[in-house]
Each structure stands twice: as C-alpha cells, then as structure tokens.
Amino acid sequence: MSTASGERRFDIAVVGVTGIIGEHLLDLLKDREFPVGKVHALDVEAVAGGTVKFGNRDLPVDDLGTFDFSRVQLALFAAGSAVAAAFVAKATAAGCLVVDSSPQFRLEADVPLVIPEVNPEALAGVRVRGIVASPNCSTTLMLMALKPIHDAVGIARINVCTYQSVSGSGRDAIEELGRQTAALLNFKDVEVKVYPKQIAFNVLPQVDVIDDSGCTREELAMLRETRKILGDVSIGVNVTAVRVPVFYGHSAALHIETRKKIGADEARELLENTAGIVVIDRHEDGGYPTAVSDASGEDAVFVGRIRDDISHPCGLNLWVVGDNIRKGMALNAVQIAEQLIRSYL
C-alpha cells in the first residue's frame, strides 16, 4: 500500500508477540520507523486475546491459527520451531514473505540464512521458497566480528567458547535466575526447573540438548551456520557453549587461525572501520567490553582483547559481546525485513 505522499507502506504480521523476541521486534519496528501500514500482532491461541505495546498504541493479540496471511506482505516469526513448522508454509502459500528466527529452516539448502552486514547477497534466494532464516544469536554476534577478518585474510579455523545469558532460554529462565539469586542471598534453598542444575552463582557447560557425540545442539548449530553463512565448508569450527548467570548479553572468547597472517593492530583497524562494530580495546584494567556494562540494550556488537596468539603464527584472539535478544535475534530479523522491502517487495 502507499500513503497520500506516495510513500510505500507494508502490512506486516509479527508472530510470537508475547515472547521476549516478539516484544523486541515490535519495539525495533517502531524505533527504526519501519514503513508499516497495519501491524498484526499474532500468537498461539492460548495467549491470544490480550494486547501488546507498539509505541504508544495497544495492539490486540490475534490467534495465529485463524489468521489470513494474504492480508500482509511480510511476516516476522519469533515463536519457535514448532510454530514455524506449522504456519510458515501457510504464510508463504498466501504470497507473504517470511523472516523466521527459529532453527526450523536455517540449514535447508534453498532457504537463505542471512546476517545483513555479513552476507546480504544471499537474500537473492528468497523467492525460491519465500523464507529467509535469521541465524542463532551466538552465530550472528560472532560472525559480525569475524567477517571483516575473513574477507581480508581468510579464516581457516575458529575455536570459540561462548558465555550465554539466560534470556536465550526465554522468560522462564530469566525468572528462575532472579528467584534463585534472591533465595541464595536470603540463605534459602533454590528450586531448579529450567536448567539441569542451579544457574545462580554457577556456570553450566551445556546450552541445549547433548547428543551422542557429546556436542550440544547449540554447538553444532554454530558450526553448521557459520559454514553456510560464510559459504566455506572447509572452515574448522570448534565450539564450547556455556550458560552463565547473566540476564541479557552473550559473550564469546574467540581464538582463530587465519589463512594469511594478520596482526592485532591490523585486525583492530579493520574492526574499527566496520559498521555495527564498536571496539573497546585498551591495554588497561577494564579496557574491554562486557555484556552487562556495554552490550545490554545496544544494537552494536562490541569487540575487545584483540591480541596475537603467541602459540600460532597465524593466530588471533578476540573477545566479543552483544545483546543476544536485541542484536542477536530481533534487530537481525528487522534488518532482513528492511532489505526485503527495498529490493524484493
């Protein structure tokens, strides 16, 4: 649709609006002045019927199961794999383009897996199925920092340990960390429901389900998504994913081996000149970014502790932090949508 001034506007659906990612999607669409005509807030029947905020307006939450997707040109899905599996095909059959934030379609060969700052050219494949997948949040934050280095000298191997906040597991995990922390500070026993062990004041070397190989689903996702996004199946990727008692913001210690030598100073300069990256890298106490102090609530990915790996002639070390919900998930999806309306709608 178009306004009286001729500006194109788009009717969109946001699926999963009562979840953390859905809330952030609505906030970002408003904050970034996305050219929306009508916004349809959708969720599963069990939570439909209430309202959600869109700027200073209250939007009714409609039942996803009965929604007619021919009413919109674009749908942003943020409701998990089961909902995506059940409803994305319905949306695309109605002629609607879909940006899906779940793992459901990420590794399917005919579905683009996109970080707009990293591989925007992959969006050209959207018309095959009408779906664009948004990556795992840890993959997004890591590749934002690695793409300029990969373009400059090539990356042969990535060894990464992630330190992931509980918001990656949803609202129940945030509430559990809060309850456990309060209980321990009052010398009371804690209740463990969301994670296999207590998360408050603890570190859990498990993010998602562990398979027969000993790897978790999260670790394998980062491996496979990295190779797909960078278009290079030869890149070695070794991941250990860890859950830490932080509410918002993921961190990662990256140790990479490049195909050609790049020194810390050159890498720092590359990153300082990369859109979406903020470098905080002073050789002093506190001269580095952290998830809580710097990244939480921010759009940028922050990089510090950039230094040569003294154990390898082509090794480089970096510390990367970002808001896993905002940049890692919601903003990436909105940025994909912005590119879709510019070039594909």
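Worth saying up front: this structure is predicted, and the values here are computed from it rather than measured.

Reading the values: the criteria
- Residues numbered from 1 in each chain as written.
- Predicted model: local features only at pLDDT ≥ 70, side-chain atom pairs only at ≥ 80, totals over all residues.
- Heavy atoms only, no water.
- Salt bridge = Lys/Arg side-chain N within 4 Å of Asp/Glu carboxyl O.
- Buried < 20%, exposed > 50% of the residue type's maximum accessible area, 1.4 Å probe, protein only.
- Helix = DSSP H or I, 4+ residues; strand = E, 2+ residues; numbered from the N terminus.
- Axes fitted to C-alpha atoms, helices over the stretch in contact; angles between N-to-C directions.
- Parallel < 35°, antiparallel > 145°, perpendicular 65-115°, else oblique.
- Left-handed = near helix turned anticlockwise from the far one by under 90°.
- Contact = heavy atoms within 4.5 Å.
- Patch = residues over 30% accessible without salt bridge, like charges linked within 9 Å, V, L, I, M, F, W, Y side chains within 5 Å.
- Areas by Shrake-Rupley, 256 points an atom, 1.4 Å probe, with all protein chains shown as cover.
- Lys, Arg positive; Asp, Glu negative; His and termini not counted.
- Charge placed at Lys NZ, Arg CZ, Asp CG, Glu CD.
- Polar contact = N/O pair within 3.5 Å; in protein donor to acceptor, adjacent residues only side chain to side chain.
- Phe/Tyr/Trp six-rings, centres within 6.5 Å; stacked < 30°, edge-to-face > 60°.

Draft legend 1. Region of the structure containing the pattern of salt bridges. Enumeration over the complete set of coordinates arrives at 17 salt bridges. A salt bridge links Lys-53 to Asp-58; the shortest N-O distance between them is 3.1 Å. Exposure remark for Asp-58: the relative accessible area of 47% places this residue in the partly exposed category. Its salt-bridge partner being Asp-281, residue Arg-268 comes within 2.6 Å of it at the nearest N-O pair. Placement of the pair is Arg-268 in helix H7 (residues 264–272) and Asp-281 in the loop between strand E11 (277–279) and helix H8 (291–295), with a sequence separation of 13 residues. Asp-281 shares its class with Arg-268; the two are buried.

Draft legend 2. Inspection of the packing of helix H4 (residues 137–153) against helix H6 (residues 217–230) at higher detail. At a closest axis distance of 11 Å, the pairing of H4 and H6 adopts a crossing angle of 40°. Judged by the angle between their axes, H4 and H6 are oblique. Crossing of H4 against H6: the hand is right-handed. Each of Ser-138, Thr-139, Met-142, Leu-143, Lys-147 and His-150 in H4 lies in contact with H6, whose residues at this interface are Glu-218, Ala-221, Met-222, Glu-225, Thr-226, Ile-229 and Leu-230.

Draft legend 3. Just a positive patch on the surface, in detail. On the surface, Lys-30, Lys-38, Arg-57 and Arg-71 cluster together into a positively charged patch. One can find Lys-38 in strand E2 (residues 36–43). By relative accessible area, Lys-38 is classed as partly exposed at 46%.

Draft legend 4. The arrangement of the side chain of Arg-243 in detail. Relative to the assigned elements, Arg-243 resides in strand E9 (residues 236–243). Lacking a salt bridge, the buried Arg-243 has Glu-218 as its closest oppositely charged neighbour, with an N-O distance of 6.2 Å. A distance of 2.8 Å separates the side chain of Arg-243 from the backbone oxygen of Ser-165, its partner in a polar contact. Here the side chain of Arg-243 touches Tyr-195 through a polar contact of 3.5 Å, side chain to side chain.

Draft legend 5. Seen up close, the packing of aromatic side chains. In total, this model carries 3 aromatic pairs according to the counting rule given. Note on Phe-67 and Phe-69: the rings are 5.1 Å apart at their centroids and 90° apart in plane angle, and the pair reads as edge-to-face. Take Phe-67 and Phe-69: they sit in the same class, and that class is buried. Ring geometry for Tyr-163 versus Trp-319: centroids 6.0 Å apart, planes at 35°, classification tilted. Of this pair, Tyr-163 sits in strand E8 (residues 155–164) while Trp-319 is found in strand E13 (residues 315–322), placing the two residues 156 residues apart along the sequence.

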